[in-house]
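Descriptive structure summary
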Amino acid sequence: MNHTLPHAMTPRTILVCQQRQIGDALLATPLLELLKRRWPQARMTLFTESKCVPLLEGNPHVDEFLALDKNKLRGPVAQLSWYRRATAHGFDLVVDCQQLPRCRMLTLFCALNGTKTRLSFPSAWSKLGLYNLRAVPEPGLYAAATKASLLAPLGIAYSGEKPRIYLTREERKQAADLLHSLGVSDDMRLITVDATHRRASKRWPAVRWARVLDLLAESDPSLRFLLLRGPGEEDEIRALKSMCACTDRVLVPAPAPSLRLSAACMARAVLHLGHCSAPRHMAVALDLPSIVIPGASGPEWSYPSPEHVEFRPGLECNPCGRVDCADPQCLLRVIPEEVAAKAREMLEKKHNRHNAA
C-alpha cells in the first residue's frame, strides 16, 4: 500500500472500531456508508459492544460484527486470546473512531498481523506508531460528521449523510400490531417520549414532561404518547404516567419492547420528545422530527436541521458535561409551555406537508 497516496489503495478487508454507547455506534453509520460506497467489494467488519449490535443489524454497509461482551472476557489471558482470534485473518485497513483501550488493543493486534494502514485522530498513540494515518476533525461539527471526517486522508468527504436504521417489513408489522394492541388506531398520531436518563444533569424533571403531555393532549385528541424505557427504568416510567392527567393516552407496553421494536414504533410516530440519549439519534436515523432538552450535553449531538430542535438556555456554564449539578438551570429554565408550543408548531407543519403531498 502506498501511504503517500492512501486514497489510491483498494482494501479488501476493513475494520472500523466503535464501542459504546448505543447512540455513538449509530452515529458511526455514515462513516460505514462512505467507506462501503468508496470500496463496495471490501468486506466491512465493525468492532463494537454486544449491546450496540441489535440497532445496527440489517445495515447493508456492514458485512460482519465483531461484538465484544465485556462480561464474558474475564482476565488478561481470555482477553488476549480473543484479540488474537479476532485479528487472525488480518485486515487491510483499520479505522479507529475512539482510541478506547480495547480499540487500541485490537489495532495493535492488527498491526502485529500485518495491517499497514491504521487510521485515527492524532494522539500520543500516533507518536508511538500505533496509528500511521491521522486526520484532524474540524471543531464544532455534528458528532456523525466528526467521525466521518476521519476518512479525509483516504480521499473520502462527508456530505451530510445521516445515521440510518434499517428495519424489516416484519419489524414494522410487529410495531403496528403492538401499537394496535395498545389502542392506537390508524387515525391517531403517535409521539414517542424518552423521559429518562442515567445522569441527573441531563434529565428534565418528570413532572415537566407530564405537563407537556397534558398540554398536547388538551390541544389534540388524536395524540397518543409512547413512553420509551430501558432496563431498570420501569419505576420511573410508572411514576411519570401517574403524574399525567391524560393517563389513558400514555402508553407503557409490558414487557418493554426490544430496542429494534422500539425503533419500529418510532418509525410510526410523528414526533419524538426526549433527552440527549440514543433515541434522539434514532429519531434522526428514522427521519422522525424531534425536540430534545439536552441539559449539560454539548451541541455536537444535535443534527443540524430545523426538524430537530433543542431547548438550550443561553448560559455561560453550558455545556458543562457534568454528571450532576446542584442548580441545573440548563434544565430548569426550560418551561413546559414552551416545549408544548414548539411541539404543536412542528406537528402542524408536518400535517400541512402531509396534506400538500
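Now for a look at the structure at hand. It should be emphasised that the depicted structure is a prediction, and the values quoted were computed from it without experimental measurement.

So, on to the pattern of salt bridges. For the coordinates displayed, the defined rule picks out 17 salt bridges. Across the pair K162 and D287 runs a salt bridge whose closest N-O atoms are separated by 2.6 Å. With K162 in the loop between α7 (143-148) and α8 (169-181) and D287 in the loop between α12 (278-285) and β11 (290-292), the pair connects residues that are 125 residues apart, well separated along the chain.

What follows covers the sheet that holds strand β7 (residues 189-194). Spatially, the six strands line up as an open sheet ordered β9-β8-β7-β10-β11-β12, and their pairing is parallel. Strands with a single pairing partner mark the edges of an open sheet, and in this sheet they are β9 (250-251) and β12 (308-310). Direction of pairing for β7 relative to strand β8 (residues 223-227): parallel, over a ladder of five bridges. By the bridge assignment, T192 is partnered in β8 with L226.

Further remarks concern the packing of α8 against helix α11 (residues 259-268). Contact geometry of α8 with α11 gives a least axis separation of 8 Å together with a crossing angle of 75°. With respect to each other, α8 and α11 are oriented roughly perpendicular. Residue-level inspection shows E171, R172, Q174, A175, L178 and L179 of α8 in contact with α11, the latter providing R260, L261, A264, C265, A267 and R268. Residue classes in the contact of α8 with α11 are distributed as seven nonpolar, one polar and four charged.

Turning next to the environment of G230. Structurally, G230 is set in the loop between β8 and α10 (234-243). Measuring from C-alpha to C-alpha, the distance between G230 and R104 comes to 30 Å, with 126 residues separating the pair along the chain.

Cis geometry is found at the peptide bond from A254 to P255, where omega equals -5°. Tracing the backbone through its elements, the reader meets P255 in the loop between β9 and α11. The omega angle of the peptide bond from N318 to P319 is 0°, so this bond is cis rather than trans. With respect to the secondary-structure elements, P319 resides in the loop between β12 and α13 (329-332). Positioned with a positive phi, Q99 is a non-glycine residue whose angle comes to about 60°. Among the structural elements, Q99 can be located in the loop between β4 (93-96) and α5 (101-112). Relative accessible area serves as the criterion here: at 6%, Q99 is assigned to the buried category. Even without glycine at this site, D287 takes up a positive phi of about 60°.

Turning next to the pairing of strand β2 (residues 43-49). Counting buried positions along β2 yields six of seven residues, so the element is predominantly enclosed. Relative to β2, strand β1 (residues 13-17) is paired through five bridges, and the arrangement is parallel. Its bridge partner being in β2, C17 is matched across the sheet by F47. Two elements, β2 and strand β3 (residues 64-68), share five bridges in a ladder whose sense is parallel.

Mapped onto the elements of the fold, T13 is located in strand β1. In this view, T13 contacts R43, G90, F91, D92 and L93; residues no more than four positions away in its chain are not counted.

Here L73 shows up in the loop between β3 and α4 (76-86). Judged by relative accessible area, which is 15%, L73 ranks as buried. Once residues within four sequence positions are removed from consideration, L73 is found in contact with L68, A78, Q79 and W82.

So, about the sheet that holds strand β5 (residues 117-120). The strands making up a sheet associate through backbone hydrogen bonding, with each pair oriented either parallel or antiparallel. If you walk across this open sheet you meet the six strands as β3-β2-β1-β4-β5-β6, and the pairing is parallel. Looking at strand neighbours, the two that pair on one side only are β3 and β6 (133-134), the edges of this open sheet.

Let us now look at the environment of P40. Relative to the helices and strands, P40 resides in the loop between α2 (29-38) and β2. You can call P40 partly exposed: its relative accessible area is 49%. Placed 28 residues apart in sequence, P40 and R12 show a C-alpha to C-alpha distance of 9.5 Å.

Attention now moves to the layout of surface pockets. To find the voids left in a structure, one rolls a probe of water-molecule size over its atoms. What the largest pocket holds in volume is close to 1100 Å³. Lining of the largest pocket is provided by 37 residues; of these, Q21, R198, S277, A278 and P279 occupy positions nearest its centre. When residues of the lining of the largest pocket are traced back to their parent elements, those giving at least two are α1 (22-26), α11 and α12. With four residues, α12 is the single largest residue contributor to the lining of the largest pocket. Grouping the constituent residues of the lining of the largest pocket by class yields 14 nonpolar, 12 polar and 11 charged. Size it by volume and the second largest pocket reaches roughly 230 Å³. Around the second largest pocket, the lining comprises 13 residues; the ones closest to its centre are C97, A143, T146, K147 and W301. In terms of residue count, α7 provides more of the lining of the second largest pocket than any other element does, three residues in total. Class assignment of the residues belonging to the lining of the second largest pocket gives a composition of six nonpolar, three polar and four charged.

Rules and cut-offs
- Residues numbered from 1 in each chain as written.
- Predicted model: local features only at pLDDT ≥ 70, side-chain atom pairs only at ≥ 80, totals over all residues.
- Heavy atoms only, no water.
- Salt bridge = Lys/Arg side-chain N within 4 Å of Asp/Glu carboxyl O.
- Helix = DSSP H or I, 4+ residues; strand = E, 2+ residues; numbered from the N terminus.
- Pairing = 2+ DSSP bridges.
- Axes fitted to C-alpha atoms, helices over the stretch in contact; angles between N-to-C directions.
- Parallel < 35°, antiparallel > 145°, perpendicular 65-115°, else oblique.
- Contact = heavy atoms within 4.5 Å.
- Nonpolar A, V, L, I, M, F, W, Y, C, P; charged D, E, K, R; others polar.
- Buried < 20%, exposed > 50% of the residue type's maximum accessible area, 1.4 Å probe, protein only.
- 1 Å grid on protein atoms, 1.4 Å probe; cavity = no way out; pocket = protein on both sides within 12 Å on 5 of 7 lines; lining within 4 Å.
- Points joined across faces, edges and corners; volume = space filled by probe spheres on them.

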